[in-house]
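Reading the structure
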Amino acid sequence: MSCLVFSLPFKEGDAALGNGGLARLSACQMDSLATLDFPAWGYGLRYQYGLFRQIIVDGFQHEQPDYWLNFGNPWEIERVQVSYAVKFYGTVEEEVSNGSNYKVWIPGETVEAVAYDNPIPGYGTRNAINLRLWAAKPSGQYDLESYNTGDYINAVVNRQKAEIISNVLYPDDRSYQGKELRLKQQYFFVSASIQDIIRRFKDVHDNFDEFTEKIALQINDTHPSLAIIEVMRVLFDEEHLGWDKAWDIVCKIFSFTTHTVQPEGLEKIPVDLMGSLLPRHLQIIYDINYKFMEELKKKFGQDYSRHARMSIVEEGAVKSIRMANLSIVCCHKVNGVSRVHFELLKTRVFKDFYDLWPLKFQYKTNGVTQRRWIVVSNPSLCAVISKWLGTEAWVRNIDLLAGLRDYASDADLQQEWRMVKKINKMRLAEYIETLSGVKVSLDAMFDVQIKRIHEYKRQLLNVLGIIHRYDCIKSMNESDRRKVVPRVCIIGGKAAPGYEIAKKIIKLCHAVAEKVNNDPGVGDLLKLIFIPDYNVSVAELVIPGSDLSQHVSTAGHEASGTGSMKFLMNGCLLLATADGSTVEIIEEIGADNMFLLGARVSEVPALRDQGASVRVPLQFVRVVRMVRDGYFGFKDYFESLCDTVENGKDFYLLGADFASYLEAQAAADLAFVNQEKWTRMSILSTSGSGRFSSDRTIEEYAEQTWGIEPCKCPF
Ligand code: 8GP
């Protein structure tokens, strides 16, 4: 039995606060907000255990808790004096005040939210913004009650019951197990944050007249969308502003960005659960929905199927609240994260809403921060860029990177560029050798796919392509072998613990690696490495050392994708489908400077309709057969994985795209042989990456969505 546990040679581990692209996007955006002097705060949960640590035992993924706070966190400041009571369960009663009736929520349970601040300094400015994270603690009342009755054990149990709320980050970003705890987490986060925002506002204002001028709240995905109802509840029930005024404020301050394409990725909360945990919120949601339905009737008459589709409340076996519909109804802007995503929102996912409110819908193409993804993770490249541009100003003004275009064919720059790549490849090769014992050749093309493991991201397409390459090498004569471009294929990513097929893909990577890496007849021509426990620190090491990177999701499934932008900034060439942000990357760097493949978004539905009769190349049939026949062992285990791509069940169209995938890979080989051409493409990739800085995204949000301006620190 072999077991791989590995620690990176970095001084501190990652803050395990997120699952994948969405969380990392927020981190980039916080850096941009601080650097561009925007007056912004981020709110989140201080998870005791963030995303699990992935260990590999005999090629299988196992999950272990990540004790990221075990040795403390020197960057955070505990604010014991900033804490709020968060209520759950209970009943709603009527109260008369100043001759009017009001609802009062009498909670059944109260938990304390304590603030931990994480200052985020901007680059080249004195501005620092704050990321305030909430930790759940038992409320004083609880302990006192138990103490008084002498029930010491209950006091301890209650303590744990409270703390569990901020204990664990749900590791699956697409399934919603543990619905009650998840909803509790969401409301805990939202309630504490809204209390904090309103308290800070009231510290300097006597009334709410300027609230909409001073506050803009951005909701990322539906997880914090209860904030909308919470503001409505506080303004209506507690501040007694009246429904219309409260509603007017809510509609002006909230904007919503969705980060998914799959309709099933949009949260639905069972009405029973909402009613039991948050009884007053459910009433408010019903009231909002009633008014919305009245509006629809006026606009569309008796079109009941449209009403049913758009309603915030979904009828059915399990009556549920559609959190996306709620967000769209209440927010003044709905954003997508790339142009392709925006088109899909308009024409498919939220078509009815787009018909009703076309001006609400916009998109802000995602971006990443060059300060982390070039300056911190690739200091050698950073130095070369600054030298050739004659300035470091690009670190704050990414548009300057375009200046490298003029030197893309310059022999001196090309040489320095290649030297940087070599240094980074050496670093990566050492890491690979330490973790897997496999020695890789620096002359090989480092071909990388690192991201969460998901069927739509098609790591399986990559592995099947590697099997094909292996198969070809095995059948070559000596003279043909000499023409093969050596490859080091690197795959990394975590599978959600309950996602069986994703876990099988990880096992297949290991099974294929075992065979290929130990085949003396193949040698340096092909190596496959699975990097365990993929996280931000790993990405910082792997991305600068990559030659080629794969972003091969089935077109129409990746909302944006931000990994591609990090590779692009680091001069790695992309092998990609025209999905998510890639479509805009093509416009910036030109299709000639990357390797495009696969069906386009508009072609996917017709291919799916063809089912089993879709044209699939023989090479595809052969490589799947090799897996099925047990060529890599574990014949029975891989059967269900093979079933997902054959016999009309190939929903993600691996078979249909396979020929095109192999062609793109062959084009990459051909380009790599000509190092001058390759280096030019690489320089053009970096120089064309400016549009994909989160600085640009944040400026667009500030101007078009939040209506805020930079606010320079006066000291
Ligand atoms: C991710 C998208 O999958 C990715 O394409 C995008 O680049 C990233 O967000 C940032 O916008 N989406 C999610 O992680 C996501 O929507 N998660 C929730 C469904 C749970």
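No experiment lies behind these values; they were computed from the predicted model shown.

Examining a nonpolar patch on the surface
A surface patch of nonpolar side chains, amounting to about 400 Å² of accessible area, comprises Tyr152, Ile153, Val156 and Val157. One can find valine 156 in helix α3 (residues 152–163). With a relative accessible area of 33%, valine 156 lands in the partly exposed category.

Overview of the UniProt feature "modified residue: N6-(pyridoxal phosphate)lysine" (unreviewed entry) in the chain
The positions that UniProt labels "modified residue: N6-(pyridoxal phosphate)lysine" (unreviewed entry) are, in the present scheme, Lys566. Along the chain, lysine 566 falls in helix α21 (residues 563–569). Judged by its relative accessible area of 8%, lysine 566 falls in the buried class. Here lysine 566 is in contact with Arg24, Val368, Trp373 and Ile543, once residues within four sequence places are set aside.

What about the pattern of salt bridges?
Following the criterion strictly, the structure yields 49 salt bridges and no others. A salt bridge links glutamate 238 to lysine 87, with the nearest nitrogen and oxygen atoms 4.0 Å apart. With glutamate 238 in helix α6 (residues 226–238) and lysine 87 in strand β5 (residues 77–88), this pair connects stretches of sequence that are 151 residues apart. Between glutamate 94 and lysine 103 there is a salt bridge whose closest N-O contact spans 2.8 Å. Salt bridges sharing common partners tie together Arg79, Asp117, Arg132, Asp196, Arg199 and Asp203.

Some remarks on helix α25 (residues 635–643)
Among the residues making up α25, those that are buried are Phe638, Leu641 and Cys642. On an axial view of α25, the arc spanned by its buried residues comes to 95°, and they lie on one face. On its buried side, α25 packs onto α17 (459–474), α19 (500–517) and α24 (618–628).

Observations concerning the packing of α17 against α19
Two elements in contact, α17 and α19, have axes whose closest approach is 10 Å; the angle formed by their N-to-C orientations is 15°. Judged by the angle between their axes, α17 and α19 are roughly parallel. Here α17 and α19 pass one another in a crossing that is left-handed. The segment α17 lies against α19, with Gln459, Leu460, Val463, Ile466, Ile467 and Tyr470 engaging Ile505, Leu508, Cys509, Val512, Lys515 and Val516. The class makeup of the residues in the contact of α17 with α19 is ten nonpolar, one polar and one charged.

Describing the sheet that holds strand β14 (residues 320–322)
Strands sit in the order β12-β14-β13 across an open sheet of three strands; the sheet is antiparallel. Edge positions in the open sheet fall to β12 (268–270) and β13 (313–314), since each of these has one partner strand only. The strands touched by helix α11 (residues 323–330) are β12 and β14; relative to β14, the strand with the most contacts, the crossing angle is about 45°.

Let's talk about the nonpolar core
In this structure, Trp134, Phe188, Phe254, Met274, Phe292, Ile321 and Phe353 are the most contacted members of the largest nonpolar core, which totals 81 residues. Looking at this core, the element that brings in the most residues is helix α4 (residues 179–204), giving ten residues.

Definitions and limits used
Residues numbered from 1 in each chain as written. Predicted model: local features only at pLDDT ≥ 70, side-chain atom pairs only at ≥ 80, totals over all residues. Heavy atoms only, no water. Patch = residues over 30% accessible without salt bridge, like charges linked within 9 Å, V, L, I, M, F, W, Y side chains within 5 Å. Areas by Shrake-Rupley, 256 points an atom, 1.4 Å probe, with all protein chains shown as cover. Salt bridge = Lys/Arg side-chain N within 4 Å of Asp/Glu carboxyl O. Helix = DSSP H or I, 4+ residues; strand = E, 2+ residues; numbered from the N terminus. Buried < 20%, exposed > 50% of the residue type's maximum accessible area, 1.4 Å probe, protein only. UniProt positions renumbered as here; feature names shortened; annotations may be inferred. Contact = heavy atoms within 4.5 Å. Arc of directions from axis to C-beta. Axes fitted to C-alpha atoms, helices over the stretch in contact; angles between N-to-C directions. Parallel < 35°, antiparallel > 145°, perpendicular 65-115°, else oblique. Left-handed = near helix turned anticlockwise from the far one by under 90°. Nonpolar A, V, L, I, M, F, W, Y, C, P; charged D, E, K, R; others polar. Pairing = 2+ DSSP bridges. Core = buried A, V, L, I, M, F, W, Y, C linked by side-chain atoms within 4.5 Å.

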